[in-house]
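Topology and contacts: notes
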Amino acid sequence: MTDAEISGGSPQAQAPLGAGDGDERVSQLEAKVAEATAEAGRLRDEWLRAKAETENVRRRGQEDVTKAHRFGLESFSAALLPVKDSLDAALAVENPSIASFKEGVEITAKQLDAVLEKFSIRAIDPQGEKFDPHQHQAIGQVESDAEANTVVSVLQKGYLLHDRVLRPALVMVSKGPAA
């Protein structure tokens, strides 16, 4: 870089340096260095603040993930407590009749179904449907008049959480009509 470029002038417009011009030139350069140093300090300060803010955002994000893992089941657990209370109440009855016991179990099952529905847990009950290996687990095949690979018996319901299989349905599948 030339002296003219540093001072902001063009080489043609600059007059030859005289004895007093050198001191003025040095003071101009010192002023520019001081200005550049101040600007660099300001930019460094802004960078450090931005870096600290980024670290804080990252740390808060990690804390949120940790809390979500730790307390993610809190609302689900709270919704299950009335079901547990109903079961405890049924067990505390001194002389239950079969009818009252059955009625209590039915009410408790309805409470549990409501909790599962609230949290988007749906039953897979594929009776009569085509076998789907993504949602069903075949335990065996049986002779049947139904078309081959049709679910003829559900041994245990499966469950979906939204669209993800929590547990596949355990089923018996038709071999198809005997020829």
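The rules behind these values
- Residues numbered from 1 in each chain as written.
- Predicted model: local features only at pLDDT ≥ 70, side-chain atom pairs only at ≥ 80, totals over all residues.
- Heavy atoms only, no water.
- Pairing = 2+ DSSP bridges.
- Helix = DSSP H or I, 4+ residues; strand = E, 2+ residues; numbered from the N terminus.
- Core = buried A, V, L, I, M, F, W, Y, C linked by side-chain atoms within 4.5 Å.
- Buried < 20%, exposed > 50% of the residue type's maximum accessible area, 1.4 Å probe, protein only.
- Contact = heavy atoms within 4.5 Å.
- Salt bridge = Lys/Arg side-chain N within 4 Å of Asp/Glu carboxyl O.

**Some words on the pairing of strand β5 (residues 164-167)**
Strand direction decides the pairing type here: strand β4 (residues 158-161) and β5, joined by three bridges, are antiparallel. For L161, the partnering residue across the bridge sits in β5 and is R164. Between β4 and β5, which pair antiparallel and follow one another directly, the connecting turn spans two residues, one of which, H162, has a positive phi of 55°.

**Here's the deal with the nonpolar core**
By size, the foremost hydrophobic cluster in this structure holds six residues: I124, V151, L160, A169, V171 and V173. In terms of residue count, strand β6 (residues 169-174) provides more of this core than any other element does, three residues in total. Those residues in contact with V173 that lie beyond four places of it in its chain are F131, A138, G140, Q141, V142, N149, T150 and V152.

**Notes on the pattern of salt bridges**
On inspection of all chains with the given rule, the structure shows ten salt bridges. Here E46 and R42 are joined by a salt bridge, their closest N and O atoms 2.4 Å apart. Note that E46 and R42 are positioned in helix α2 (residues 19-71) at a spacing of four residues, about one turn of the helix. Note on E46: relative accessible area 41%, which makes it partly exposed. A relative accessible area of 39% places R42 in the partly exposed class. Connected through shared salt-bridge partners, E39, R42 and E46 make up one network.

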